[in-house]
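Single-letter residue listing:
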Amino acid sequence: MNLSDMKISARLILGFAIMGFLIMALGAVALWRSSAIQDDFRTVTDQRIPRVAMLNEVKGQLNQIAIGMRNIALVDDAAEQKRQQGAVLAARQKIGELLARLKADISTARGKELLGAIEAQRARYIEAQNRYMALVSEGNVAGARAYLLTEVRPVLDTYFGAVDALIAFQSDLLDEAVKNAQSDVLAIQNAVWLSVVLGLVVAGVLATWIIRAITVPLQRAVDVARAVAAGDLGVQMQAQGRNETAQLLHALQQMLQGLRAVVSQVRSGSEGVASASSQIAQANNDLSARTEQQASALQQTAASMEQLNSTVRQNADNARQANQLALSATTVAERGGSVVGQVVHTMKGINESSQRIADIIQVIDGIAFQTNILALNAAVEAAR
């Protein structure tokens, strides 16, 4: 699968999955190393420190025994001697309990060896204690004191030395456990720092990858939108991939193609309208010229009609004069006898001709009026 075709949602899921894996890895490392630290601290708190404390308590009980044995030799009261002897026995019993616990806890060969040396010295010391208290019970206080200084004290010193050797060994183990814990803490710190650095690097790479996958195509889409808003439909763009931003660029590319087609159609229509407007203007000019020609013809026709009307009027005047002459001739004819009859007959013919001429004049006037009306109507229609 081509990473450039990966959808933004898939990239985000992948980025969060990787970050979640890194967090889980960091948690796993921290838990793993913390369990080691917990074991180290459990070893320190539950084994090393308690053993050292018990051995120190053994030394304390040995000191109590030494004090009690010294007091037995120093006091003369029998009751006090009994009390001191009881304290010595109680301390001895306490030491026995502590050594029993240590024997159950210590598992290393060196520890068992040192603990065996302590038990051997304890046995020698108990034997010396019993011998010393027997001398005191027999009343040989001077001998008891001498025995305490010459025999018991060296055994006690050896006993202390064995206890100190085991304390030193347990202290070394304690130091080793502390160093292991410190090492584990340092390992956790290194693992955490390494995980943090690795997480930051991976997060930076993923963030850059996702941001570029979103912002670069969106910026290209913004540039295209601004160019289209400015009226530039010739802007070129290439949309590759199948993710969300690629789909957006594909849609913008289709929109540009659609706008170019619409603009081309509008331009073609505008050119057609311009051509039709030019033709209409030319036709209007032709119509105007024809209208002017018709108006000129109408003016000429009107002038001709005026001339015809004038001629008809002259004919009417001539007819009236002829009628007057006819009337005069009738009078003369009446006076003249038979000539008058002929003249009357002639004048009747003239009168009928005059009537016909008057009718012709009326017809011509009607024709002229209708011609003027038709010419005006034609002019009005041509003007429309």
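Quick note: structure is the one above.
Everything numeric here is computed off the predicted structure, so don't read it as measured data.

**Some remarks on the packing of aromatic side chains**
A complete count under the given rule lists 1 aromatic pair for this structure. Geometrically, the ring pair formed by Tyr125 and Tyr159 is edge-to-face, given 5.7 Å between the ring centres and 65 degrees between the ring planes. Here Tyr125, found in helix 3 (residues 109–137), pairs with Tyr159, found in helix 4 (residues 141–229); they are 34 residues apart in sequence, far enough to count as distant. A relative accessible area of 1% places Tyr125 in the buried class. Judged by relative accessible area, Tyr159 falls into the buried class, the value being 1%.

**Some remarks on a nonpolar patch on the surface**
Among the surface-exposed residues, Val192, Trp193, Val196 and Leu200 lie close enough to one another that they form a single nonpolar patch of about 400 Å² accessible area. Among the residues examined, Val192 registers a relative accessible area of 30% and is labelled partly exposed.

**Some points on the nonpolar core**
Within the largest apolar cluster, 39 residues are counted, with the highest numbers of intra-cluster contacts made by Leu62, Tyr125 and Tyr132. Those elements that place two or more of their residues in this core are helix 1 (8–74), helix 2 (78–105), helix 3 and helix 4. Considering each element in turn, this core owes the most residues, 14 residues, to helix 4. Those residues in contact with Tyr125, other than ones at most four positions away along the chain, are Leu62, Ile65, Ala66, Met69, Val152, Val155, Leu156 and Tyr159. Among the nonpolar cores identified, the runner-up in size contains 5 residues, and Val224, Ala227, Val228 and Val235 belong to it.

**Let's talk about the layout of surface pockets**
Over the atoms a probe the size of a water molecule is rolled, and this reveals where empty space is left. In this model, the second largest pocket occupies a volume close to 220 Å³. Listing elements by their share of the lining of the second largest pocket, those giving two or more residues are helix 1 and helix 4. Considering each element in turn, the lining of the second largest pocket owes the most residues, 7 residues, to helix 4. Each residue belonging to the lining of the second largest pocket can be placed in one class, and the counts come to 9 nonpolar, 1 polar and 3 charged.

**Examining the pattern of salt bridges**
Following the criterion strictly, the structure yields 5 salt bridges and no others. With its nearest N and O atoms 3.9 Å apart, the salt bridge here joins Glu57 to Lys94. Here Glu57 is found in helix 1, whereas its partner Lys94 is found in helix 2, with 37 residues between them in sequence. Ionic pairing is found between Asp157 and Arg153, a salt bridge with its closest N-O pair at 3.6 Å. Pair noted here: Asp157 and Arg153 are both in helix 4, with a separation of 4 residues, about one helical turn. With a relative accessible area of 48%, Arg153 lands in the partly exposed category.

The rules behind these values
- Residues numbered from 1 in each chain as written.
- Predicted model: local features only at pLDDT ≥ 70, side-chain atom pairs only at ≥ 80, totals over all residues.
- Heavy atoms only, no water.
- Phe/Tyr/Trp six-rings, centres within 6.5 Å; stacked < 30°, edge-to-face > 60°.
- Helix = DSSP H or I, 4+ residues; strand = E, 2+ residues; numbered from the N terminus.
- Buried < 20%, exposed > 50% of the residue type's maximum accessible area, 1.4 Å probe, protein only.
- Patch = residues over 30% accessible without salt bridge, like charges linked within 9 Å, V, L, I, M, F, W, Y side chains within 5 Å.
- Areas by Shrake-Rupley, 256 points an atom, 1.4 Å probe, with all protein chains shown as cover.
- Salt bridge = Lys/Arg side-chain N within 4 Å of Asp/Glu carboxyl O.
- Core = buried A, V, L, I, M, F, W, Y, C linked by side-chain atoms within 4.5 Å.
- Contact = heavy atoms within 4.5 Å.
- 1 Å grid on protein atoms, 1.4 Å probe; cavity = no way out; pocket = protein on both sides within 12 Å on 5 of 7 lines; lining within 4 Å.
- Points joined across faces, edges and corners; volume = space filled by probe spheres on them.
- Nonpolar A, V, L, I, M, F, W, Y, C, P; charged D, E, K, R; others polar.

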